[in-house]
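Coordinates in review
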Amino acid sequence: MEHFRRLGDVPYPELAQSLKDGCLEMSLGPFSKRLKANNSQVTEFLQDAYRDVPVRTKLGDITDVAVTIKSPSWFRQYVRRQVVADPGFIVPAVPLPVRLSALSFEMGLNLAVALKCCRLVSFHAAVVGNEKGAIFISAHSGGGKSTLASALMVEGYRLFSDEFGLLDMSNSLLVPYPRPVSLKGDSINIVRDFTGADWLTPVLSDTPKGDIAYRRARPSDIEEADKKLSSKLIVFPVFTKGARPVAKELAKSEALMRLIPSSTNYHLLGQGGFEALTAMVAGARSYEIQYGNTDDSMKIVKDLAAGVGL
Amino acid sequence: MAAGPYSDETLWTADITRLVIRVMEDVNLTFDTLSGDTHALNFLSAAVIQVLSSGKETFASAAPRVLETIGMEESDCPKGLIKDTILQLDEAGLVIPARGGE
Amino acid sequence: MTKAWLKSIVRQSPLPSDPESLSDLVAFAEAHHVLGQMATVWQNEATGKLKDVFENAAIRTAFDHRMLAFEMGRIERALHGTGIAPVLLKGGAYVALELPASEGRRVADIDILVAEDDLEQTENRLKEAGWAFEETTDNEYDQAYYREFMHELPPLRHIRRRTVVDVHHRILPRTSRVLVKNDMLIDAAQHLKGRELRTFQPVDLFIHSSVHSFADGSFDTPARSLVELYFLFSGLSEADKSALAERSVTVGASMPVATALWALNEFFGEKVPGVGADSMIKPASALVRGAFRAKLENISGAYFAKLILYVRSHYLRMPIPQLALHLMRKAARQLVNAVKREDPLKSQ
């Protein structure tokens, strides 16, 4: 059986052929994927944004998810070409023009993982961690979690994920899943300024979500993707333009009741999900933070992190 | 909206064995293993479930037992409040009329 | 190919050893909603990623079954004091009875059957308890169509929990060419212990599943139907198996039961008593067999097969003049919707 290699070490023709045949196997954190695409934009995006991720070009095992990037119809292969991500089950996916294939791939993969994963409690959240524990940033109010996660990476935190807070039901630990960080609009420039342009993919402009670029996970994030951590700090960021920075501690029961609706699968999981979530909340301190800019949010989160011993 | 028909004669019952309860601060976080719902219950709701788990009661007969459980007088916790709580718990599927209990 | 896969799914034959075939099989099982059953029969052998995938499927099924058990209680609650004890159909019955056919089976909606005389009261009670018709069917034409020609109310969705109950008052539409004797099935139904809920007796469960899969004609979930029938049939006692042919004639379901028995023999090699040219029930027609195979294999002729089946399915449900009228209305509505979509300004 073929061994896993760093995706960046696979020559382009081999990678493209494997994708065309639908037998590229990618392994990252808790999920493996089978990928299929006859599309140079997807191949190039993988080479850039997934450079350090382990893959094999022949399927060595079955996978958690399978995603195919294809034309929405026979007609769209030729005229005003479009692509759509097919996760193998029926979803209301929006066809996108071919130049946005990378976005289609990322959205399709997120959807496949979010809808199919039941082995872990999955939250819409960004998570980073150091050797002492993890910071869980809930996306509840859409308050710039990706920017905050990117900034914390520069401060020495490992990237777990900017899209999925994954909780292991057997031990209530958070599980890394270091996919590329998705940056939108103004945050692209902000993150480029503090991480350097090398770490960002080219910008996809005029997408349905505005401008988008991806910040690649670092080799160290990927190598340590099997190291799970307990959550020490849970934050619910609220961005209000021009607001003065404030942090308000939340009662544990309130934090828990706020986290439930941000989960994509909690309602499916039964008692195991409840036990893991109560343990996670019991072992952490939870805050709602309000802020008006990235510097303020960083300052608050660093103070809170110091307060819980991170 | 009620979960179904009821009257003042209805005997109510609850099955506490299917609930997993974690007390955090003053809230009873209650997981219903049957419905998969998580409820944040106050002490009155928790007491009603406890009382109805150990015997079938009407609205009227439940009241003194609930008051005893929470250690309150009727002046602090009127009967109407207990009835409302039973109906809310009925709505959530946490208490039900006993079979043939009219 | 599909035949081999189906045998692997129910564990009549081993799983393929090379990853690509196994991956394709798992994708097939998932797309046809039988991954849960496959996970159940193989769970002790699975290792590595396959174990993860099966564990995932088992969690989903467990959720479906919990939802079902809770909703059964809610229906019972809504009908409290009326004396109506609905018959749980299909998945609901298998789960309540803990039959092998329930293990790993996905369940999306709850189907119940009540006597026609109890229909109105059932509908009203459920509505009082928070179930409501969906917007798409809450119009005069759909309501009249369901009530006059169908065998069930339009789906009732609970406004808070979003779960769906299908309330049937017949096994098949009033206008169906297959005339199943509903009363005989309902009369033989048995109470669940201590509950105001009933299920069909074991032979009738198999008969009803056959009717559901083969009489109302759409063959929408062929693999799922086959796997279900396989586990239902293997769960029957020898006495029940022997009684099957006669009972299906008595209740007026010999045609769909014959098709089901043909399919079990064809796909799983199950030997079934009482079918054949000389026996009580006649085997399925070549047309039905061909159409079913095409649908299951999804081969290139499937579009054609679907077309046959579409007409066939409505032919079975409705007399011809009504069919023509209904298809015209359906076409007219599709046209209206298409126009709406094409012209966003107009629809605002």
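Residues numbered from 1 in each chain as written. Chains lettered and ligands numbered in written order. Predicted model: local features only at pLDDT ≥ 70, side-chain atom pairs only at ≥ 80, totals over all residues. Heavy atoms only, no water.

All right, on to the overall build of chain A then. Helix and strand content of chain A: 10 helices and 18 strands. The buried share of chain A, taken over its 310 residues, is 56%. For chain A, restricting intrachain contacts to residue pairs at least 6 apart in sequence, the fraction spanning at least 24 positions comes to 71%. Total accessible area on chain A is roughly 12400 Å²; 52% of this is exposed by carbon and sulfur atoms. (Helix = DSSP H or I, 4+ residues; strand = E, 2+ residues; numbered from the N terminus. Buried < 20%, exposed > 50% of the residue type's maximum accessible area, 1.4 Å probe, protein only. Contact = heavy atoms within 4.5 Å. Areas by Shrake-Rupley, 256 points an atom, 1.4 Å probe, with all protein chains shown as cover.)

Below, the discussion takes up the sheet that holds strand β14 (residues 204-207) of chain A. Within a sheet, adjacent strands bond to each other through the backbone by hydrogen bonds, running parallel or antiparallel. Residue and element names in this part refer to chain A. Here we have 3 strands laid out as an open sheet, ordered β13-β15-β14, and antiparallel in their pairing. Edge positions in the open sheet fall to β13 (181-184) and β14, since each of these has one partner strand only. Here the average twist between neighbouring strands, direction ignored, is 35°. Taken together, the 2 bridges between β14 and strand β15 (residues 210-215) define a ladder with antiparallel strand orientation. (Pairing = 2+ DSSP bridges. Axes fitted to C-alpha atoms, helices over the stretch in contact; angles between N-to-C directions.)

Attention now moves to the packing of helix α11 (residues 238-250) of chain C against helix α12 (residues 254-268) of chain C. All names here are of chain C. Contact geometry of α11 with α12 gives a least axis separation of 8 Å together with a crossing angle of 150°. Facing α11, whose interface residues are Leu244, Ser248 and Val249, α12 presents Ser254, Val257 and Leu261. Grouping the constituent residues of the contact of α11 with α12 by class yields 4 nonpolar, 2 polar and no charged. (Nonpolar A, V, L, I, M, F, W, Y, C, P; charged D, E, K, R; others polar.)

Right, let's talk about helix α10 (residues 294-307) of chain A for a bit. Residues and elements named next belong to chain A. Here α10 is 14 residues long and its end C-alpha atoms lie 20 Å apart, about the 20 Å a rise of 1.5 Å per residue gives. Buried within α10 are the following residues: Thr294, Ser297, Met298, Ile300, Val301, Leu304 and Ala305. Burial along α10 is one-sided: seen end-on, the buried residues are contained in an arc of 165°. Facing away from the buried surface of α10 by more than 90 degrees, the exposed residues are Asp295, Lys299, Ala306 and Gly307. In this structure, the buried residues of α10 make contact with β9 (133-138), α4 (145-154), α5 (186-195), β16 (231-239), β17 (246-249) and β18 (285-291). Near the N-terminus of α10, the side chain that reaches the backbone nitrogen of Asp295, with its oxygen 3.1 Å away, is that of Asn293. (Expected span 1.5 Å × (residues − 1). Arc of directions from axis to C-beta. Polar contact = N/O pair within 3.5 Å; in protein donor to acceptor, adjacent residues only side chain to side chain.)

The next point concerns the layout of surface pockets. In this approach, a probe sized like a water molecule rolls over the atoms, and the result shows the empty space that is left. There is about 660 Å³ of room inside the second largest pocket. The wall of the second largest pocket is formed by 32 residues, among which Ile96 of chain B together with Gly73, Glu76, Arg77 and Arg195 of chain C lie closest to the centre. Counting residues per element, the ones that place at least two in the lining of the second largest pocket are β1 (12-14) and β5 (95-97) of chain B together with α4 (48-78) and α5 (90-97) of chain C. In terms of residues, the lining of the second largest pocket owes the most to one element, α4 of chain C, which gives 7 residues. In the lining of the second largest pocket, the residues fall into 15 nonpolar, 9 polar and 8 charged. (1 Å grid on protein atoms, 1.4 Å probe; cavity = no way out; pocket = protein on both sides within 12 Å on 5 of 7 lines; lining within 4 Å. Points joined across faces, edges and corners; volume = space filled by probe spheres on them.)

Residues and elements named next belong to chain A. There is a patch of nonpolar side chains on the surface, built from Trp74, Phe75, Tyr78 and Val79 and spanning about 500 Å² of accessible area. For Val79, the position within the fold is in the loop between β5 (65-70) and β6 (82-86). Residue class for Val79 comes out partly exposed when judged on its relative accessible area of 38%. (Patch = residues over 30% accessible without salt bridge, like charges linked within 9 Å, V, L, I, M, F, W, Y side chains within 5 Å. Salt bridge = Lys/Arg side-chain N within 4 Å of Asp/Glu carboxyl O.)

All right, on to the pairing of strand β5 (residues 164-168) of chain C then. Residues and elements named next belong to chain C. Counting buried residues in β5 gives 5 out of 5 residues, a clear majority hidden from the surface. Burial along β5 is two-sided: the face carrying Val164, Asp166 and His168 and the face carrying Val165 and Val167 are both buried. As paired elements, strand β2 (residues 110-113) and β5 share 4 bridges and run parallel to each other. Note on β5: the bridge partner recorded for Leu113 is His168.

As enumerated under the stated definition, the model contains 43 salt bridges over all chains in all. Notably, a salt bridge pairs Glu163 of chain A with Lys145 of chain A, separated by 3.8 Å at the nearest N-O pair. In this pair, Glu163 of chain A is assigned in the loop between β10 (158-161) and β11 (164-168) and Lys145 of chain A in helix α4, connecting sequence segments 18 residues apart. On the basis of relative accessible area, Lys145 of chain A is assigned to the buried category, the value being 12%. Here Asp204 of chain C and Arg247 of chain C are joined by a salt bridge, their closest N and O atoms 2.7 Å apart. Of this pair, Asp204 of chain C sits in helix α9 (residues 202-214) while Arg247 of chain C sits in helix α11, placing them 43 residues apart in sequence. As far as the burial class goes, Asp204 of chain C and Arg247 of chain C line up, both buried.

Turning our attention to the sheet that holds strand β4 (residues 54-56) of chain A. Residues and elements named next belong to chain A. The strand order across the open sheet formed by 7 strands is β1-β4-β2-β3-β5-β6-β7, and the pairing between neighbours is mixed. Of all strands in the sheet, those with a lone pairing partner are β1 (5-6) and β7 (96-97), marking the two edges. The sheet contacts of helix α1 (residues 12-21) involve β1, β2 (24-28) and β3 (31-37), and relative to β3 the element is tilted by about 90°.

Attention now moves to the interface of chain B and chain A. The interface is formed by 11 residues belonging to chain B together with 13 residues belonging to chain A. Approximately 1100 Å² of surface area, both sides summed, lies buried where chain B meets chain A, with 72% of it carried by carbon and sulfur atoms. Looking at the side of chain B facing chain A, the largest losses of area belong to Met24, Phe31 and Thr38 of chain B, adding up to 44% of the total buried there. At the surface where chain B touches chain A, the tally comes to 1 salt bridge. In this structure, Glu275 of chain A engages Arg22 of chain B in a salt bridge whose closest nitrogen and oxygen atoms are separated by 2.6 Å. Here chain B is connected to chain A by 3 residue pairs in polar contact (both at pLDDT 80 or more). Secondary structure elements with two or more residues in the side of chain B that touches chain A: β2 (19-24), β3 (27-32) and β4 (38-41) of chain B. Along the lines of polarity and charge, the residues of the side of chain B that touches chain A split into 6 nonpolar, 3 polar and 2 charged. (Buried area = accessible area lost by both parts, 1.4 Å probe.)

The next point concerns the confidence of the model for chain C. Residue and element names in this part refer to chain C. Overall, the predicted model of chain C reaches an average pLDDT of 83, with 79% of residues at or above 70. Across residues 299-312, where pLDDT falls below 50, the model places 16 contacts with residues more than four positions away in sequence or in other chains. Considering only residues more than four positions removed or in separate chains, one finds that residues 338-348, a stretch of pLDDT under 50, has 1 contact. (pLDDT = per-residue confidence, 0-100.)

Put simply, chain A has an average pLDDT of 92, and 98% of its residues get 70 or more. Of all helices and strands in chain A, the one with the weakest mean pLDDT is β6 of chain A (88), whereas strand β12 (residues 174-175) of chain A scores best (98).

So, about the interface of chain C and chain A. Each partner contributes to the interface: chain C provides 17 residues, whereas chain A provides 21 residues. Note on chain C versus chain A: buried area summed over both sides is about 1700 Å², and carbon and sulfur give 55% of it. Seen at the junction of chain C and chain A, the total is 4 salt bridges. We note a salt bridge from Lys49 of chain C to Asp64 of chain A, for which the minimum N-O separation is 2.6 Å.

Residues and elements named next belong to chain C. With respect to the helices and strands, the residue Glu297 is situated in helix α13 (residues 286-297). Measuring from C-alpha to C-alpha, the distance between Glu297 and Ala223 comes to 9.4 Å, with 74 residues separating the pair along the chain. Ignoring anything within four residues of it in the chain, the contact list for Glu297 reads Thr2 and Lys3.

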